[in-house]
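An overview of the molecular structure
Below, each chain spelled out in residue letters.
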Amino acid sequence: MKRLMKRLRKRRLRVDLRDLRERPELLLVPTVFVVTMLAWEFAVPAFGIDDYVLPRPSQIFDALRTQLADPLFWGHLKVTVLESGYGFLLGVAAALVLGTAISQVRLIERTFMPYVVAFQTVPKVALAPLFVVWFGFGMTSKVVMAAVISFFPVLVNVIEGLRSADADRIQMLMVFGAGRIQVFRMVRLPSALPFIFAGLDIGIVFSILGAVVGEFIGAKEGLGYLLLQTNYNFDIAGMFAVLVVLSVLGLIAHFIIRFAQKRLVFWAEENRVIGA
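Residues numbered from 1 in each chain as written. Predicted model: local features only at pLDDT ≥ 70, side-chain atom pairs only at ≥ 80, totals over all residues. Heavy atoms only, no water.

Another point: the UniProt feature "transmembrane region" (unreviewed entry) in the protein chain. UniProt marks residues 26-49, 84-103, 115-137, 143-162, 195-217 and 237-257 with the feature "transmembrane region" (unreviewed entry), using the numbering shown here. Helix makes up 100% of residues 84-103 and strand 0%. Its end C-alpha atoms lie 27 Å apart. Helix makes up 100% of residues 237-257 and strand makes up 0%, while its end C-alpha atoms are separated by 31 Å. (UniProt positions renumbered as here; feature names shortened; annotations may be inferred. Helix = DSSP H or I, 4+ residues; strand = E, 2+ residues; numbered from the N terminus.)

The structure is reproduced here in structure tokens:
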């Protein structure tokens, strides 16, 4: 039994070493993080930097632990998640409908695409005060802001994805009597899915950004509102703690999209992201 356990341990060690050779980032990512945190921790007092200018990681961790123990913090987090989630769904729905129409009907592209591009050139931060005036200080203005910011990356990837379908496959289906709906379902949509997921990956992160920007302009709750409160109170460690939570939230959203992509578009190779 002991020999068997030793063999299993040796085999497991060989597998781990093989994984590290094939994917060195498994070791490099945590190593870089640990080294950076240690350098930051000791560099701040060594260079005489005040805590209210740049707090040490240990202070940020203490502030984060305090915030996580506060029920009000979870209420702010819930509001931001809902705002970004609803905004993302709204922006994706609009991008899918308009992107499909633009890619399939030349007249719609020539009519609406100039307006879409012109709207994209407008700084979204400048629109946030207008949304607050139009939709109030509640959740609606932040949802609209998140939808507007996440809309364009998804739209561009939908259009390019639907246009990337293999012309030979389309022609072959049409020769066998397939209609436009069948061609769309069997060729265009599968070809567009990798592009669409690339846009979703960008859009879901942008939706969090949009929600926070909207909370900066006018809100009574949310992580953006909490950032402003910690700033007014000169709680710099608390600000960094909120930023850490926002980063983790963005990473979770990113991995959710990546997981869904691997499950639904497992046959396709990764495409270059469009509209980043």
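All right, on to the nonpolar core then. Grouped together as the largest cluster of nonpolar side chains are 38 residues, with contacts concentrated most on Leu-155, Leu-200, Leu-223 and Leu-246. Breaking this core down by element, the ones donating at least two residues are α3 (57-68), α4 (71-104), α7 (139-163), α9 (180-217), α10 (223-232) and α11 (236-264). The biggest single contributor to this core is α11, with 10 residues. Other than its neighbours up to four places away in sequence, Leu-200 contacts Phe-88, Val-92, Val-154 and Ile-257. Among the nonpolar cores identified, the runner-up in size contains eight residues, and Leu-127, Phe-131, Val-144 and Ile-149 belong to it. (Core = buried A, V, L, I, M, F, W, Y, C linked by side-chain atoms within 4.5 Å. Buried < 20%, exposed > 50% of the residue type's maximum accessible area, 1.4 Å probe, protein only. Contact = heavy atoms within 4.5 Å.)

Despite not being glycine, Phe-234 shows a phi value in the positive range, around 55°. With a relative accessible area of 63%, Phe-234 lands in the exposed category.

Locating Ser-207 in the fold gives a position in helix α9. If near-sequence neighbours (up to four positions away) are discounted, Ser-207 is found in contact with Ser-84, Phe-88, Ala-146 and Ser-150.

Bringing the packing of aromatic side chains into the picture now. As enumerated under the stated definition, the model contains four aromatic pairs in all. Relative to Phe-135, the ring of Phe-131 has its centre 6.2 Å away and its plane inclined at 50°; by these criteria the two rings are tilted. Placement of the pair is Phe-131 and Phe-135 together in helix α6 (residues 124-135), with a separation of four residues, close to one helical turn. Taking the relative accessible area as the measure of exposure, Phe-131 reaches 7% and is therefore buried. Following the ring pairs from residue to residue traces out a cluster consisting of Phe-131, Trp-134 and Phe-135. (Phe/Tyr/Trp six-rings, centres within 6.5 Å; stacked < 30°, edge-to-face > 60°.)

Together, Phe-33, Val-34, Leu-38 and Phe-42 make up an exposed nonpolar region whose accessible area comes to about 440 Å². Its place among the elements puts Phe-42 in helix α2 (residues 25-46). Residue classification places Phe-42 among the exposed positions, given a relative accessible area of 59%. (Patch = residues over 30% accessible without salt bridge, like charges linked within 9 Å, V, L, I, M, F, W, Y side chains within 5 Å. Areas by Shrake-Rupley, 256 points an atom, 1.4 Å probe, with all protein chains shown as cover. Salt bridge = Lys/Arg side-chain N within 4 Å of Asp/Glu carboxyl O.)

A word on the packing of helix α5 (residues 106-121) against α7. Remark: α5 packs on α7, axes separated minimally by 11 Å, with the N-to-C direction vectors making an angle of 140°. Here α7 runs oblique to α5, going by the angle between their axes. Both α5 and α7 take part in a crossing whose hand is left-handed. On α7, the residues that touch Glu-109, Met-113, Val-116, Phe-119 and Gln-120 of α5 are Val-148, Phe-151, Phe-152, Leu-155, Ile-159 and Arg-163. Taken together, the residues of the contact of α5 with α7 sort by class into eight nonpolar, one polar and two charged. (Axes fitted to C-alpha atoms, helices over the stretch in contact; angles between N-to-C directions. Parallel < 35°, antiparallel > 145°, perpendicular 65-115°, else oblique. Left-handed = near helix turned anticlockwise from the far one by under 90°. Nonpolar A, V, L, I, M, F, W, Y, C, P; charged D, E, K, R; others polar.)

We now examine the environment of Ile-108. Tracing the chain through its elements places Ile-108 in helix α5. Counting along the chain gives 10 residues from Ile-108 to Leu-98, while the straight-line C-alpha distance between them is 9.0 Å.

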